[in-house]
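The chain contents come next:
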Amino acid sequence: MMRRFLRQPGGRLASIFAVILCAMSAVMGSYVYSACQKASADYTTLVSDIVLAQQATPQLRAALEEGSRQPSSEHIKYIDYFISLSKQHLNNIQSSIERHRYLISDVEYLHNHFSELSNRLSDLTQQSQQAQQRPELIDPLQRVAMEVGGAQAWLYNQLLEEVRDTSVQQRLVMQRLSIAVSALLVLMVSAAITLCLAVIHLHRQRNVMHQLMLTDELTGLYNRRHLVNVASAALTQALRDRAPLSLLLLDIDHFKQINDTYGHPTGDKVLRQISKQLRELSRPSDTLARIGGEEFCLLMPNTATHDALQAADRLRREIEVNAMSDMELHANPTISIGVTTCQSGSLTFEQLYSFADKALYQAKALGRNRVESLLPPTEPSPYSELQAYGHTLIRESSDS
Ligand SMILES: Nc1nc2c(ncn2[C@@H]2O[C@H](COP(=O)(O)OP(=O)(O)OP(=O)(O)O)[C@@H](O)[C@H]2O)c(=O)[nH]1
């Protein structure tokens, strides 16, 4: 079923569309997922940078207190180390913010505070270097360092609040985006499924239409259009293989009487019943069609006249004996059959049909419920075979 669907151009198109939609959906889904992951990782990095920087401030304060108790160049070096550590943290945070500007909504406002703090830390470094030469300068150094530490703590608190606010907003946006993308995915997949179902439906409709075009509604047998197509191909093949091809024309006898006596619905039932029997009695390789009101045609590839006559007589007898066993008709309907054969010659279907039609006409004229044959002029005569079955061979005037 799937393979048949894919073989159709519409089916292939729908499948390609479905695959493209699914691929697009998967790409969008994974893009949103990785964007969420990246934002969360960037946020964690920035927050941990700020927390580390915040931890350096009390360490500096402790070093200053220790230094003021025992002012020595050793302690001042220690203070200097924490000042440069604070500067390093500040630089890290600045470059982290530069790299992930989207994590903070108002960067410009913080920018001035960063430059001011950076300048003050540079001044503090100079002061601590002077204090290393002159330890008595430890008090002014401590006073300024305390002020800078306060400014640092304020800035980092502000920064954390900013980052948290932005992160909450971004999480909200991401959640909405995820919902929108999920809805879009569902829509796309539904569209792809709907498209595939529509193509399958159209494909089925087309098959039904095709079937209706080739079959007869009442009996379910093939119609004349299909028979002509199959016959043309079979004649070409027969010519190529130099093989015989026979055509039987079957007509129900006195069908008008059946209609008149029992009514049209019974007539239809007779037509269906005879069709069913003809179908059961004919070979699968033969093509059986209803080509007129009560007229049928059986195309028999690879069948010589002798075999075609045998088959025709078998059909005639079966219909006469069994056709209407379950219907209350006064007498079983009978059929007359005209047979012709194309002995690997180059005939058209119309030509072949006219020979079978003439043979049928002869069968009707000779009393009905019988088989007659007529061969194309150039074909060899199966006269001796026909004698054996008690049939009459009608010869073309040109042939006799
Ligand atoms: N019930 C029914 N009758 C149909 C259908 N198609 C054609 N007929 C009838 O078939 C009858 C054919 O009548 P005729 O052509 O005179 O042939 P016949 O009565 O069989 O006589 P012979 O063929 O000479 O034996 C007509 O009455 C048509 O109305 C059909 O689909 N259903």
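Residues numbered from 1 in each chain as written. Predicted model: local features only at pLDDT ≥ 70, side-chain atom pairs only at ≥ 80, totals over all residues.

Within an unreviewed UniProt entry, the label attached to the protein reads diguanylate cyclase, and the organism entered is Vreelandella sedimenti. UniProt, in the comment section headed Catalytic activity (unreviewed entry), describes the protein in these words: "2 GTP = 3',3'-c-di-GMP + 2 diphosphate". (UniProt positions renumbered as here; feature names shortened; annotations may be inferred.)

*Asks:* How should the site of the ligand be read in this particular structure?
*Replies:* Around the ligand, the surrounding shell holds 16 residues, and the nearest of these are D253, F255, K256, G267 and G293. Tallying contributions element by element places helix α8 (residues 264–281) first for the shell around the ligand, with four residues. Class assignment of the residues belonging to the shell around the ligand gives a composition of four nonpolar, five polar and seven charged. (Near = placed C-beta within 6 Å. Helix = DSSP H or I, 4+ residues; strand = E, 2+ residues; numbered from the N terminus. Nonpolar A, V, L, I, M, F, W, Y, C, P; charged D, E, K, R; others polar.)

*Asks:* Honestly, the nonpolar core in this entry has me stumped. Any pointers?
*Replies:* Generally speaking, a soluble globular protein has its nonpolar side chains buried in company with each other. Formed by 46 residues in total, the largest nonpolar core has its most connected members in L248, C297, A312, I337, V339 and A356. Examining the composition of this core, we find that seven residues originate from one element, helix α10 (residues 349–365), more than from any other. Residues contacting A312, with those up to four places away along its chain left out, are L248, I337, V339 and V371. (Core = buried A, V, L, I, M, F, W, Y, C linked by C-beta atoms within 7 Å. Buried ≥ 20, exposed ≤ 12 C-beta atoms within 10 Å, placed from the backbone. Contact = placed C-beta atoms within 7 Å.)

*Asks:* Help me understand unusual backbone geometry, please; the structure alone is not making it clear to me.
*Replies:* Unusually for a residue other than glycine, N302 sits at a positive phi of about 55 degrees. Tracing the backbone shows N302 in the loop between β3 (295–301) and α9 (305–322). Note on N302: 16 C-beta atoms within 10 Å, which makes it partly exposed. The phi dihedral of N369 falls on the positive side, at around 45 degrees, and the residue is not glycine. Structurally, the position occupied by N369 is in the loop between α10 and β5 (371–374). Judged by the 19 C-beta atoms lying within 10 Å of it, N369 falls in the partly exposed class.

*Asks:* Sorry if this is basic, but what is going on with the pairing of strand β1 (residues 244–252) here?
*Replies:* Regular strands place side chains that alternate from one sheet face to the opposite one. Buried residues dominate β1, accounting for nine of its nine residues. The alternating pattern of β1 places P244, S246, L248, L250 and I252 on one face and L245, L247, L249 and D251 on the opposite face, and all of these are buried. Strand direction decides the pairing type here: β1 and strand β4 (residues 335–343), joined by nine bridges, are antiparallel. Bridging from a neighbouring strand, P244 pairs with Q343 of β4. Pairing of β1 with β3, which is carried by seven bridges, proceeds in the antiparallel orientation. Within β3, the position partnered with S246 by the bridge is M300. (Pairing = 2+ DSSP bridges.)

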